[in-house]
There are 2 protein chains.
Amino acid sequence: MANRMDWTADTGGLETVARATLQEQIYQQLRNRIMSGFFKPGQALSMRSVAEAVGVSVMPVRDALRRLEVENALVVGHNRALEVPKLDAETLMEISDMRIALEGLAVERAIPAIDEADLEHLRGHFTDMSESIVSDDTDGYLAANWAFHSHIYRRAGAGILISVIESLWLRMGPYFRLTAEDYRHLDNAMIIHHDIVGALEMGDAAAARAGIIADIEAATRDLKYWLNSNDGHEAAQ
Amino acid sequence: MANRMDWTADTGGLETVARATLQEQIYQQLRNRIMSGFFKPGQALSMRSVAEAVGVSVMPVRDALRRLEVENALVVGHNRALEVPKLDAETLMEISDMRIALEGLAVERAIPAIDEADLEHLRGHFTDMSESIVSDDTDGYLAANWAFHSHIYRRAGAGILISVIESLWLRMGPYFRLTAEDYRHLDNAMIIHHDIVGALEMGDAAAARAGIIADIEAATRDLKYWLNSNDGHEAAQ
DNA sequence: TGGTGATATGTGTGATCACACTTGGAGTCA
DNA sequence: TGACTCCAAGTGTGATCACACATATCACCA
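First things first, this report covers the structure right here in the doc.

What counts, and at which threshold
Here the residue numbering is sequential within each chain, running from 1 through the sequence in written order. Note on labels: chains are lettered from A, ligands numbered from 1, in written order. Residues qualify for local features only when their pLDDT is at least 70, as the model is predicted, and side-chain atom pairs are given and counted only at 80 or more; totals for whole chains, interfaces and linings, by contrast, use all residues. Hydrogens and waters are ignored; side-chain quantities use all the structure's heavy atoms. A pair of strands is labelled paired if DSSP reports no fewer than 2 bridges between them. Secondary structure elements follow DSSP: runs of H or I no shorter than four residues count as helices, runs of E no shorter than two count as strands, and numbering proceeds from the N terminus. When the copies are superposed, the least-squares fit draws on C-alpha atoms of residues that have pLDDT of at least 70 in both. Pairs of residues are marked as contacts when any of their non-hydrogen atoms sit within 4.5 Å. Summed over both partners, the accessible area lost on bringing two parts together, with a 1.4 Å probe, is the buried area. One side-chain nitrogen of Lys or Arg within 4 Å of one carboxyl oxygen of Asp or Glu is enough to make a salt bridge. In the analysis that follows, any N or O atom pair within 3.5 Å is treated as a polar contact, provided that within protein one partner can donate a hydrogen and the other can accept it, and provided that, for residues neighboring in sequence, both atoms belong to side chains. The residue classification treats Ala, Val, Leu, Ile, Met, Phe, Trp, Tyr, Cys and Pro as nonpolar and Asp, Glu, Lys and Arg as charged. All others, Gly included, are polar. Any pair of Phe, Tyr and Trp rings, taking the six-membered ring for Trp, is counted once the centres come within 6.5 Å. Such a pair is stacked with planes under 30 degrees apart, edge-to-face with planes over 60 apart, and tilted for the rest. The cut-offs for exposure are 20% and 50% of the maximum accessible area for each residue type, with area from a 1.4 Å probe on protein chains only; residues under the lower value are buried, those over the upper are exposed, and the others partly exposed. When at least one non-hydrogen atom of a residue lies within 4 Å of a molecule or strand, that residue is treated as near it.

Here's the deal with the sheet that holds strand β3 (residues 82-83) of chain A
(1) Moving on: One open sheet holds the three strands; their spatial order is β1-β3-β2 (chain A), and the pairing between them is antiparallel. Sheet topology places β1 (44-45) and β2 (75-76) of chain A at the edges, where each strand pairs with a single neighbour.

What follows is the structure in structure tokens.
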């Protein structure tokens, strides 16, 4: 007789359905938009406005926004509403220092775990970045860049390190797009990423770390230049 | 005529009153207890149980627990209830690596800002640690130890760095007490902290960083030894 | 003209309720 | 004795409502 065991054995190809809670879905949606620079710095995200926008009550929105607040991806604004944080030069340097320390650590820890399959993935992300540049696809470039880095860091072990790194990228997210639209910088970035892949192929931890640091320092330099050029940058004021 | 300006000018000594929300109070209370090792690893903290314990509804508890969850200070347990995370050797090494990277960075950034008043505070915390040892006051020792370190890190600049460092201590908190009760380790810890103060007095960034790293490595070594001795450590199972 | 006060709007906070889901164990039947 | 079914307890999730507080606007009065 066909009991439960037999039935489940026949379903090996099925994937586990994603039963994400509303709060989780809203969180991921907001997170992606912040990371990709969809929201302008200073833009307010109140519970009721977001709730109405996505068509749910304030409860799941409340949880999602609180999560982002704890991650420093949102900060309390002048009238208590949460808003996308603006970046000043001081905070930029703090985040840059933390990125160098943590992403340098992550790539060193990842080196022993990187295999040929990982390298193939990284070359794919590298190609995506190149193609995004020639097709003038900023969104695609940012996504491929994050895919490239996060793939390395995920090989570094457990989740605390990468979750902190992600929160730092989240904080920089609203500004990445601004500098990525200047294509002079991207040529240099592609050279750096090429070197990183080379270092990983050789298993050279020092070179890989140096490549990651060079990438972060270049991004920080570009962003600092942008901040000076657009002093105050009253976006979405 | 006595207008508002005059009145406010007379109140220079007043401190801003702390109008903490319930959620904030519960969060701080839980946080302190986790940090000081009040809860055993594996202990469950469900919304309703905490709400009943503090005499409020589940709403503020819900927010407080979610904050702690995002900070990795609590994790979801086997029956969806949040619980104090247990530490395995792998996670311990990950946190240790992150602490070395971030606390080393923090002390280097702090060096230029440390003045004589800071040194006086640090000597006071050092004295508190010594006295706590002789009076067999583990709670006092842990509090003074955190006060010592956090005073240094707070001189490192803005808040993102220290908030991440705090979350790492929070994750280790439930275990600090266990190793601190072995007084053989504390003699060594006092020597290290003495050296750190000396390095800060000299403004020697490299020595200060080395001292912080030595402290972290010693704590990690002790904890790793404890984990091996109490394999599985089925506390509050 | 300039300060004052009422008010409307928007904000997060917290309580209460209903619901879906998971887990564990008692009870039942083969 | 063993496997199965069912039910009770416990869990987080989400909706709805009421409230306190902050801000901006505008009418009003000296």
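Let us keep going from here.
Some remarks on the relation of the copies chain B and chain A
(1) Moving on: In the superposition of chain B on chain A (RMSD 0.0 Å, axial shift 0.0 Å), the rotation amounts to 180°. This pairing of chains is accounted for by a two-fold axis. Relative to the rotation axis, the closest C-alpha in chain B is found at Ala101 of chain B, a distance of 2.8 Å.

Quick look at the interface of chain B and chain A
(1) Moving on: Contacts between chain B and chain A engage 27 residues on the former and 27 residues on the latter.
(2) Moving on: Its largest share of buried area at the contact with chain A, chain B owes to Arg66, Glu94 and Ile160 of chain B, together 26% of the area lost on that side.
(3) Moving on: Applying the counting criterion to the chain B and chain A interface returns six salt bridges.
(4) Moving on: One salt bridge in this structure joins Asp63 of chain B and Arg62 of chain A, with 3.2 Å as the shortest N-O distance.
(5) Moving on: Viewed at the interface, chain A and chain B are joined by eight residue pairs in polar contact (both at pLDDT 80 or more).
(6) Moving on: Elements supplying a minimum of two residues to the side of chain B that touches chain A: α4 (58-70), α5 (89-110) and α8 (159-180) of chain B.
(7) Moving on: Per-element tally for the side of chain B that touches chain A: the top contributor is α5 of chain B, with 10 residues.
(8) Moving on: Here the residues of the side of chain B that touches chain A are counted per class, giving 13 nonpolar, five polar and nine charged.

A few points about the packing of aromatic side chains
One pair of aromatic rings is described through two measures. These are the centre distance and the angle between the planes.
(1) Moving on: Tallying each qualifying case throughout the model produces eight aromatic pairs over all chains.
(2) Moving on: Taking 5.3 Å as the distance between ring centres and 80° as the angle between the ring planes, the aromatic pair formed by Phe38 of chain A and Phe39 of chain A counts as edge-to-face.
(3) Moving on: You can call Phe39 of chain A buried: its relative accessible area is 9%.
(4) Moving on: Between the aromatic rings of Trp169 of chain B and Phe176 of chain B, the centroid separation amounts to 5.4 Å while the plane-to-plane angle is 65°, which identifies the pairing as edge-to-face.
(5) Moving on: Judged by its relative accessible area of 3%, Trp169 of chain B is buried.

Quick word on the protein's contact with DNA strand D
(1) Moving on: Looking at DNA strand D, there are 20 residues lining it, with Leu22, Ser57 and Met59 of chain A together with Arg66 and Arg80 of chain B nearest.
(2) Moving on: The sugar and phosphate moieties of DNA strand D supply 59% of its atoms located within 4 Å of the protein.
(3) Moving on: Residue Arg80 of chain B places a side-chain N or O atom 2.7 Å away from a base oxygen belonging to DNA strand D.
(4) Moving on: Secondary-structure elements contributing two or more residues to the surface near DNA strand D are α2 (22-35) and α4 (58-70) of chain A together with α3 (47-54) and α4 of chain B.
(5) Moving on: Looking at which element gives the most residues to the surface near DNA strand D, the answer is α4 of chain A, with three residues.
(6) Moving on: When the residues that make up the surface near DNA strand D are grouped by side-chain class, the tally is eight nonpolar, six polar and six charged.

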